[in-house]
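# Understanding the architecture of this molecule
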Amino acid sequence: MEKASHLSVIVDLSPTQWHLSAQTSNQYPLSIETFLSQLLAFLNAHIASKHENSLVVFGALPGKSVLLYSSTELLSDDAPSLDANSYLPFKLVDSTVVQRIMNEFDAIGELEEEPPCALVGAVTKALCYINRITHPSSTTAGVAEDPSIVHDPRILILSVSPDLSSSYIPIMNAIFSAQKLKVTIDVCKVYGPDTVFLQQAAHLTNGSYIYLERRDALLQYLILSLSQMSFLSPTSIRKILAVPKQDKIDFRAACFCHKNIVDIGFVCSVCLSSTHYLYCFVIEF
């Protein structure tokens, strides 16, 4: 019998980047409203794939990360009104995610300088959540396996912000934790230049990294993804699919001294950690 699958979605909610993405000067502008409508259709598709599938959505906001929706926990007492023309789980996802995002945007207000989005914090929370739901309590030992226990946990990151060099070490620690938990990290770069660190995250966890060439076709990328359903299908199914892989992977790292992304650096031959003399600029002797 097909096992239940868990999907953790991390949404980059940088107000500045979404404002730039919606500019009409772009070849394919994408506003946050259009993005959310297509994202919700993808989330509903995951829920509809199997009744036991679980879903959690995290938001990476400036300076903090928040839980927007969880299929296993009730985050709000305001349940949506019953509607005979809509499927209740779909309506619950749609109303909860949109309402929580709008509330967070209203709470941000106007900032003189927008802090970086807490993407690493959202990834860490997603890993902690996965660790909790994939390891049942010891009191259930010897009991028949619960079909709702997930076996293919994965994380999907929807990114619009550029790389933050100071987050190199935290994101690498998160990648190593994902490897230990056997969690696949998929990345969909919705807007902005390619991200070095997220490319490495997808590669090291056997995930997919896709850069949107046409942002107006976001839903097609999420569900079909070059006709192979790489983001929607669980890890076990991907073994028999021709999932798109990265042609080129940027393995550059950030220096410990200035937090700059460098091509060549020096490491200690004893502890293999970067020394203070990892140069990130041309030195004239």
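A brief look at the structure comes next. (Residues numbered from 1 in each chain as written. Predicted model: local features only at pLDDT ≥ 70, side-chain atom pairs only at ≥ 80, totals over all residues. Heavy atoms only, no water.)

## Overview of the sheet that holds strand E3 (residues 64-70)
The six strands lie next to each other as E3-E2-E1-E4-E5-E6, forming an open sheet whose pairing is mixed. Every other strand in the sheet has two partners, leaving E3 and strand E6 (209-211) as the edge strands with one partner each. Across the sheet, the mean angle separating the axes of adjacent strands is 15 degrees when strand polarity is ignored. Sheet topology note: the strand E1 (residues 6-12)/strand E2 (residues 54-61) ladder contains seven bridges and is parallel. Considered in E2, the bridge of Val11 is made with Gly59. Running at roughly 170 degrees to E1, helix H2 (residues 32-49) makes contact with E1, E2 and strand E4 (154-159) of the sheet. (Pairing = 2+ DSSP bridges. Helix = DSSP H or I, 4+ residues; strand = E, 2+ residues; numbered from the N terminus. Axes fitted to C-alpha atoms, helices over the stretch in contact; angles between N-to-C directions. Contact = heavy atoms within 4.5 Å.)

## Considerations on the pairing of E4
For E4, a buried count of six out of six residues is recorded, marking the element as mostly surrounded by other parts of the structure. The alternating pattern of E4 places Arg154, Leu156 and Leu158 and Ile155, Ile157 and Ser159 on opposite faces, both of which are buried. In terms of strand pairing, E4 meets strand E5 (residues 184-189) through six bridges, oriented parallel. When the bridges of E5 are listed, Ile155 appears paired with Ile185. Assessed by its sense of winding, the connection that carries the chain from E4 through helix H5 (residues 168-181) to E5 is right-handed. (Buried < 20%, exposed > 50% of the residue type's maximum accessible area, 1.4 Å probe, protein only. Right-handed = clockwise from strand over helix to strand, strands pointing away.)

## What to know about the pattern of salt bridges
Throughout the structure, instances matching the rule amount to three salt bridges. In this structure, the salt-bridge partner of Lys64 is Glu104, at a minimum N-O distance of 2.8 Å. Taken together, the residues Lys64 in strand E3 and Glu104 in helix H3 (residues 88-108) connect sequence positions 40 residues apart. Accessibility expressed as a relative area gives 11% for Glu104, which makes it buried. For Arg214, the salt bridge is made with Asp216, and the minimal N-O distance between the two is 2.8 Å. (Salt bridge = Lys/Arg side-chain N within 4 Å of Asp/Glu carboxyl O.)

## Topic: the side chain of Asp12
Locating Asp12 in the fold gives a position in strand E1. Every residue in contact with Asp12, bar those within four places of it in the chain, is listed here: Trp18, Ala60, Cys117, Leu158, Ser159, Val160 and Ser161.

## Considering the nonpolar core
Ranked by size, the top nonpolar core spans 35 residues in total, and within it Phe35, Leu158 and Val190 carry the most contacts. Looking at this core, the elements that each hand over two or more residues are E1, H2, E2, E3, H3, E4 and helix H7 (218-223). Discounting chain neighbours no more than four positions away, the residues touching Phe35 are Val11, Trp18, Leu30, Leu158, Val190 and Leu218. Counting 29 residues, the second-largest nonpolar core is a separate cluster that includes Ile10, Val56, Leu127 and Leu198. (Core = buried A, V, L, I, M, F, W, Y, C linked by side-chain atoms within 4.5 Å.)

## Considerations on the packing of aromatic side chains
The geometry of two aromatic rings is summed up by the distance between their centres and the angle between their planes. Overall, the coordinates contain three aromatic pairs when judged by the stated rule. For the ring pair Phe58 and Tyr129, a centre distance of 6.5 Å and an interplane angle of 80 degrees mean the geometry is edge-to-face. Of this pair, Phe58 sits in strand E2 while Tyr129 is found in helix H4 (residues 119-134), placing the two residues 71 residues apart along the sequence. As far as the burial class goes, Phe58 and Tyr129 line up, both buried. Judged by centre distance (5.2 Å) and plane angle (50 degrees), the ring pair of Tyr168 and Phe197 falls under tilted. One end of the pair, Tyr168, is in helix H5; the other, Phe197, is in helix H6 (residues 196-204), and 29 residues separate them in sequence. Its guanidinium or amino end placed over the ring of Tyr129, Arg132 lies 4.9 Å from that ring's centre, counting from NZ or CZ. (Phe/Tyr/Trp six-rings, centres within 6.5 Å; stacked < 30°, edge-to-face > 60°. Lys NZ or Arg CZ within 6 Å of the ring centre and 35° of its normal.)

## Some points on the environment of Ala178
Tracing the chain through its elements places Ala178 in helix H5. With 51 residues separating them in the primary sequence, Ala178 and Leu127 have C-alpha atoms 6.9 Å apart. When near neighbours in sequence (up to four residues on either side) are disregarded, Ala178 contacts Leu127, Val183, Ile185 and Thr205.

## Examining H3
Its 21 residues give H3 an end-to-end C-alpha distance of 30 Å, which sits within 8% of 30 Å, the value for a rise of 1.5 Å per residue. For H3, every residue scored as buried is listed here: Val93, Thr96, Val97, Ile101 and Glu104. Buried residues in H3, looked at end-on, bunch into an arc of 115 degrees, giving them a common side. Buried-residue contacts for H3 involve H2, E2 and E3. (Expected span 1.5 Å × (residues − 1). Arc of directions from axis to C-beta.)

## Quick look at the packing of H5 against H6
Relative to each other, H5 and H6 sit at 10 degrees, their axes nearing to 10 Å. By the angle class used here, H5 and H6 are roughly parallel. Crossing of H5 against H6: the hand is right-handed. Contacts between H5 and H6 involve Tyr168, Ile171, Met172, Ile175 and Gln179 on the former and, on the latter, Phe197, Gln200, Ala201 and Leu204. For the contact of H5 with H6, the residue count by class is seven nonpolar, two polar and no charged. (Parallel < 35°, antiparallel > 145°, perpendicular 65-115°, else oblique. Left-handed = near helix turned anticlockwise from the far one by under 90°. Nonpolar A, V, L, I, M, F, W, Y, C, P; charged D, E, K, R; others polar.)

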